[in-house]
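Breakdown of the fold
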Amino acid sequence: MATQAQTQQPDPAAIFDALNAYQRSAALKAAIELDLFTGIGEGNTDVESLAKRCDAAARGIRILCDYLTIQDFLVKQDHRYSLTPTSGAFLDRRSPRYLGTIARFLNLPALVERFQDLATVVRAGGALMSEDGSSGEANADWVEFARSMAPMQAFPAERIAGLLAADSGQPWKVLDIAAGHGLFGIAIARHNPNAEVAAVDWPQVLEVARENAEKAGVAGRHHLIQGSAFEVDFGTGYDLVLLTNFLHHFDPQTNGKLLRKVHHALKPGGRVVALEFVPNEDRVSPATAAAFSLIMLGNTRAGDAYTFAELEGMFGNAGFARSELHALPPTPQSVVISYKQDA
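Here goes a summary of the coordinates provided. (Residues numbered from 1 in each chain as written. Predicted model: local features only at pLDDT ≥ 70, side-chain atom pairs only at ≥ 80, totals over all residues. Heavy atoms only, no water.)

With that settled, consider the nonpolar core. A general feature of soluble globular proteins is that nonpolar side chains tend to end up buried together. One finds L175, F234, Y238 and V262 to be the most contacted residues of the largest nonpolar core, which totals 30 residues. Mapped by element, the contributors of at least two residues to this core are β3 (173-177), β4 (196-201), β6 (238-244), α15 (252-265), β7 (266-276) and α17 (308-317). Excluding residues that lie within four positions of it along the chain, Y238 makes contacts with K173, V174, L175, A198, I225, A265, L266 and K267. Counting residues in hydrophobic clusters, the runner-up holds 26 residues, among them V174, L183, L240 and L328. (Core = buried A, V, L, I, M, F, W, Y, C linked by side-chain atoms within 4.5 Å. Buried < 20%, exposed > 50% of the residue type's maximum accessible area, 1.4 Å probe, protein only. Helix = DSSP H or I, 4+ residues; strand = E, 2+ residues; numbered from the N terminus. Contact = heavy atoms within 4.5 Å.)

Below, the structure is given as structure tokens:
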């Protein structure tokens, strides 16, 4: 049976649009920098008032707003613009769910540059970078990640705390690997007053986690372990290990080495929680999770977006008894919970 793609008429516009797609990210980044969505949310809905609010030329604002309407970030009616549910929730700075800061990391020149010669990356089978790659201590991008991406991680952190029943108040010893901003461990500590969290990351990144723990009022139960997750001594006796947004940076063999170390650090019956972009077995759906593989191709030497079967295999080979997959809507990510066998 012919697929939909095979029965469609040839469309040169799709090629034109794809080769100009960099303009879409540039337009959204510009609108965030101009605070355009906040301006519209405040009631500046015509070109002239919005241009004044954004301190920009009227011609520039008109063209940008029209383009953002075409891209479904704005609605245009009678020469006035309004926010969509998505832009209103996530791009109006007054919203508690504001995500505009993520543009600072996702569009870092160093990250964008890695895709300028993607054909060479494809030939090599991975990013053209040092052995440490994007995960090395010297990579200051992770400090920017910790600061700018935190708003996008606050929601999954809360969902994971709920999924784990953190409110039960059990005396948990928690290890947060590659903690970054620290929000995942901090959410556990906020929901569970009997949880003690140890956060592992590079020293300069942990400074961000320390600041966030203080703001959340859990600094007294939030402890820091400086260094590489592959090298530092975790200790033992953990009830829970958080492994969020980490496994996709490495090949299965490297992940296996870390997971065996995690298995050793857990108590019998303990759990490890991985937050990942998990594509279906066809590796082309769902779109955002599956497309994450290309991000890893351009940014890591051997990372990938792993299917649940692949992740389950990694955990099983490291000694874990069973693994569960949990969707985390409306985010494009999923949670894998793996259990160490009871004694």
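This brings us to the packing of helix α13 (residues 183-191) against helix α14 (residues 203-216). Across the interface, α13 lies against α14 with an axial gap of 10 Å and an inter-helix angle of 20°. If you check the angle between α13 and α14, you find them roughly parallel. As for the relative orientation of α13 and α14, their crossing is right-handed in sense. Between α13 and α14, the contacting residues are L183, I186 and R190 on the first element and A209, N212, A213 and A216 on the second. Looking at the contact of α13 with α14, its residues break down into five nonpolar, one polar and one charged. (Axes fitted to C-alpha atoms, helices over the stretch in contact; angles between N-to-C directions. Parallel < 35°, antiparallel > 145°, perpendicular 65-115°, else oblique. Left-handed = near helix turned anticlockwise from the far one by under 90°. Nonpolar A, V, L, I, M, F, W, Y, C, P; charged D, E, K, R; others polar.)

On to the packing of aromatic side chains, then. Counting across every chain of the model gives eight aromatic pairs. Measuring from centroid to centroid gives 5.3 Å for W142 and F145, while their planes differ by 75°, and the two rings are edge-to-face. Remark: F145 and W142 occur in helix α11 (residues 141-148); sequence separation between them is three residues, near one turn of the helix. Here W142 matches F145 in class, with each residue buried. Ring centres of F315 and F320 lie 5.5 Å apart, and the angle between their planes is 85°; on these two criteria the pair is classed as edge-to-face. Assigned by exposure class, F315 and F320 land together as buried. Here the aromatic residues F105, W142 and F145 are joined through ring pairs into a cluster of three or more. Over the face of the ring belonging to F234 we find K261, whose NZ or CZ atom lies 4.2 Å from the ring centre. The ring of Y339 is capped by R322, whose NZ or CZ atom sits 4.0 Å from the centre of that ring. (Phe/Tyr/Trp six-rings, centres within 6.5 Å; stacked < 30°, edge-to-face > 60°. Lys NZ or Arg CZ within 6 Å of the ring centre and 35° of its normal.)

In terms of burial, β4 is largely enclosed, as five of its six residues are buried. In the sheet, β3 pairs with β4 via five bridges, with the strands oriented parallel. What sits directly across from D176, in β4, is A199. The handedness of the β3 to β4 crossover, carried by α13, is right-handed. Bridge analysis of β4 against strand β5 (residues 222-226) gives five bridges, and the strand direction is parallel. Paired with A198 across the bridge in β5 is H223. In terms of handedness, the path from β4 via α14 over to β5 forms a crossover that is right-handed. (Pairing = 2+ DSSP bridges. Right-handed = clockwise from strand over helix to strand, strands pointing away.)

Geometry only, nothing functional implied.
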